[in-house]
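Tertiary structure, described
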Amino acid sequence: MAITKWMSWEGGVDLAAATKAGLAQPNVMLHLARMVHTPIGSAPSGMVLWQPDPAAPPVVLGFVSTDEKIARWFGPNIFAGTPFEQAPALKASIDVQIHPDLATARVAVGAHTFVSRLWGLKPIEKIERAPSPMTPFWKQGIEAVAGQVEFEVDGKKVALVVPPVGISGGVAAVWSPAGLYAR
């Protein structure tokens, strides 16, 4: 069977967390990559969810990219059949920096700027995850689990609870030097 819905990335920084313990789902997600490749082109891209009040609608939710065409492609092609399928496409500036024991991702979207810092990186491991209801695609790649996480919104630090498992079935805070989604 031919695969036509895929994306790969280089320099991914992924965080899925909560602003308080006991939430059923993360209310903070910052999944960004220095470069994402799709069948329609390549650009720094990812996804942002910022819902500081879990009982209210998100303040920011959407697929982000420096190229809006690529941001619009993610929902109907990679995340079809999930709550993210209809997420908006948002133009953003994205900066990912990788150092020996630190991965940082900064995204400015609309009036907000989000920064995640992951450090205390564990050794890189190969991963392969089967599709699940929230992530209906195969995921392959390499990841380094973060030992510590820091998150800022508009220059202010936000305390987070990072669950041991994120919505993709893997660890919720990782640096991923390279990977692939395919369905």
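As a reminder, the structure under discussion sits directly above these lines.
All residue numbers refer to position in the chain's written sequence, counted from 1. Local features in this predicted model are restricted to residues of pLDDT 70 or higher, and side-chain atom pairs are both shown and tallied only at a pLDDT of 80 or more, whereas totals for entire chains, interfaces and linings draw on every residue. Excluding hydrogens and water, the side-chain values take into account all heavy atoms of the structure.

**Quick look at the packing of aromatic side chains**
Stacked, tilted and edge-to-face are the three classes applied to pairs of Phe, Tyr and Trp rings, where Trp contributes its six-membered ring and a pair requires centres within 6.5 Å; stacked means planes under 30 degrees apart, edge-to-face means over 60, and tilted covers the rest. One pass over the full model with this rule turns up 10 aromatic pairs. Between phenylalanine 63 and phenylalanine 74 the ring centres are 5.7 Å apart and the planes differ by 40 degrees, which places this aromatic pair in the tilted class. One end of the pair, phenylalanine 63, is in strand β4 (residues 60-65); the other, phenylalanine 74, is in helix α1 (residues 68-77), with 11 residues separating them in the sequence. Residue exposure (1.4 Å probe, protein chains only): buried if accessible area is under 20% of the type maximum, exposed if over 50%, otherwise partly exposed. When its relative accessible area of 2% is taken as the criterion, phenylalanine 63 is described as buried. Between the aromatic rings of phenylalanine 79 and phenylalanine 84, the centroid separation amounts to 6.1 Å while the plane-to-plane angle is 85 degrees, which identifies the pairing as edge-to-face. Residue classification places phenylalanine 84 among the buried positions, given a relative accessible area of 9%. Each helix corresponds to a stretch of at least 4 residues labelled H or I by DSSP, and each strand to a stretch of at least 2 residues labelled E; elements are numbered beginning at the N terminus.

**What to know about the nonpolar core**
Membership of the largest hydrophobic core comes to 26 residues, with the highest contact counts inside it found for Leu32, Val64, Val107, Phe114 and Phe151. It is strand β7 (residues 102-109) that contributes the most residues to this core, 4 residues altogether. Only heavy atoms enter the contact rule, under which two residues are in contact if any of them lie within 4.5 Å. The contacts of valine 107, once residues within four sequence positions are left out, are Leu30, Leu32, Val48, Val64, Ala92, Ser93, Ile94, His112, Thr113 and Phe114. Definition used in this section: a nonpolar core is a set of buried Ala, Val, Leu, Ile, Met, Phe, Trp, Tyr and Cys residues joined via side-chain atoms within 4.5 Å. Grouped together as the second largest cluster of nonpolar side chains are 21 residues, Ala33, Phe79, Phe137 and Tyr181 included.

**Focus: the pairing of strand β11 (residues 148-153)**
What makes two strands pair is DSSP finding at least two bridges between them. Here strand β8 (residues 112-119) pairs with β11 via 6 bridges, running antiparallel. Among the inter-strand pairings, phenylalanine 114 is bridged to a residue of β11, identified as valine 153. In the sheet, β11 pairs with strand β12 (residues 156-157) via 2 bridges, with the strands oriented antiparallel. Bridging from a neighbouring strand, glutamate 152 pairs with lysine 157 of β12. Linkage of β11 to β12, two consecutive antiparallel strands, is achieved through a turn of 2 residues, within which aspartate 154 is found at a positive phi near 50 degrees.

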